[in-house]
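Overview (structure and organization)
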Amino acid sequence: MHEHENNTAGDDEDRPQESEQRPTPAPGSQAEQDAIFAALVAQFDDPVDLNRPDWPEIENLRAKNPPPPAPSIVQSPGPRDWEAAEDPDEGHFVPPEPPPLPTGDTTSRFAWIAVLGGPALLLFDALVWRQVSGWPAWVGLTAFLGGFTTLVVRMKDRDPDEPHDPHGGAVV
């Protein structure tokens, strides 16, 4: 095959061979690496024939890994040839009943409404009237502070049903 048959770039110039362009440097040297890099850069815009790639033999994966043979009729089982036993209850999971929601007293309900409703009133005031002032600002701020204070004061350290720990939880 002639060396110019693969040149499909459309130019009529004859390209000299690599050995004619540069002297061959010592193997493994920086000059050799520079020459290889220069050759790659020179071939960057060359078209590639995807039907016949010019792979180095060391990178030929098809030759290294031949396709596996067709399975025979008599075959010994391997580690991946097992099947899991079917569980009769599989796919029929019934979750347990959720615990009932805790019932809060009236004071804590109003405190939560104030903690959430106060900033909501301030946000509504800012979006509708473009300023936060007047009685909506005082009501929103007072509701938030009052609800927050009520919730903090009513917090419990422990459950009243638990026995009292004389050590305060510290055990050495």
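Attention shifts here to the packing of helix α4 (residues 106-129) against helix α5 (residues 135-153). In contact at an axis separation of 7 Å, α4 and α5 are set at 150° when each is read in the N-to-C sense. Classified by the angle their axes make, α4 and α5 are roughly antiparallel. Considering how the two elements wind past one another, α4 and α5 form a crossing that is left-handed. The residues of α5 that touch α4, namely those facing Thr-107, Ser-108, Ala-111, Trp-112, Ala-114, Val-115, Gly-118, Pro-119, Leu-121, Leu-122 and Asp-125, are Pro-136, Ala-137, Val-139, Gly-140, Leu-141, Ala-143, Phe-144, Gly-147, Phe-148, Thr-150 and Leu-151. Here the contact of α4 with α5 is composed, by residue class, of 15 nonpolar, 6 polar and 1 charged.

The grouping of Trp-138, Leu-141, Phe-144, Leu-145, Phe-148, Val-152 and Met-155 at the surface amounts to a nonpolar patch, some 740 Å² of accessible area in total. Relative to the helices and strands, Trp-138 is located in helix α5. Residue Trp-138 is classed as exposed on the basis of its relative accessible area, which comes to 61%.

Moving on, we get to α5. An ideal rise of 1.5 Å per residue puts 27 Å on 19 residues; α5 measures up with 27 Å between its terminal C-alpha atoms. Considered for burial, the residues of α5 that qualify are Pro-136, Ala-137, Gly-140, Gly-147 and Leu-151. Down the axis of α5, the buried set is contained in an arc of 120°. They therefore lie on one face. Residues of α5 that are exposed and point more than 90 degrees away from the buried face comprise Trp-135, Trp-138, Thr-142 and Val-153. Here the buried face of α5 lies against α4.

For the rest of this paragraph, the subject is the packing of aromatic side chains. On inspection of all chains with the given rule, the structure shows 1 aromatic pair. Centre to centre, the rings of Phe-144 and Phe-148 are 6.1 Å apart; their planes meet at 20°, and the pair counts as stacked. Highlighted residues: Phe-144 and Phe-148, both in helix α5, separated by 4 residues, approximately one helical turn. By relative accessible area, Phe-148 is classed as partly exposed at 46%.

On to the pattern of salt bridges. For the coordinates displayed, the defined rule picks out 1 salt bridge. Of the charged contacts in the structure, one is a salt bridge between Arg-154 and Asp-105, with a shortest N-O distance of 2.2 Å. Residue Arg-154 is located in the segment after α5, and its partner Asp-105 is located in the loop between α3 (61-64) and α4; the two are separated by 49 residues in the primary sequence. In this structure Asp-105 comes out as partly exposed when scored by relative accessible area, which is 33%.

Conventions used here
Residues numbered from 1 in each chain as written. Predicted model: local features only at pLDDT ≥ 70, side-chain atom pairs only at ≥ 80, totals over all residues. Heavy atoms only, no water. Axes fitted to C-alpha atoms, helices over the stretch in contact; angles between N-to-C directions. Helix = DSSP H or I, 4+ residues; strand = E, 2+ residues; numbered from the N terminus. Parallel < 35°, antiparallel > 145°, perpendicular 65-115°, else oblique. Left-handed = near helix turned anticlockwise from the far one by under 90°. Contact = heavy atoms within 4.5 Å. Nonpolar A, V, L, I, M, F, W, Y, C, P; charged D, E, K, R; others polar. Patch = residues over 30% accessible without salt bridge, like charges linked within 9 Å, V, L, I, M, F, W, Y side chains within 5 Å. Areas by Shrake-Rupley, 256 points an atom, 1.4 Å probe, with all protein chains shown as cover. Salt bridge = Lys/Arg side-chain N within 4 Å of Asp/Glu carboxyl O. Buried < 20%, exposed > 50% of the residue type's maximum accessible area, 1.4 Å probe, protein only. Expected span 1.5 Å × (residues − 1). Arc of directions from axis to C-beta. Phe/Tyr/Trp six-rings, centres within 6.5 Å; stacked < 30°, edge-to-face > 60°.

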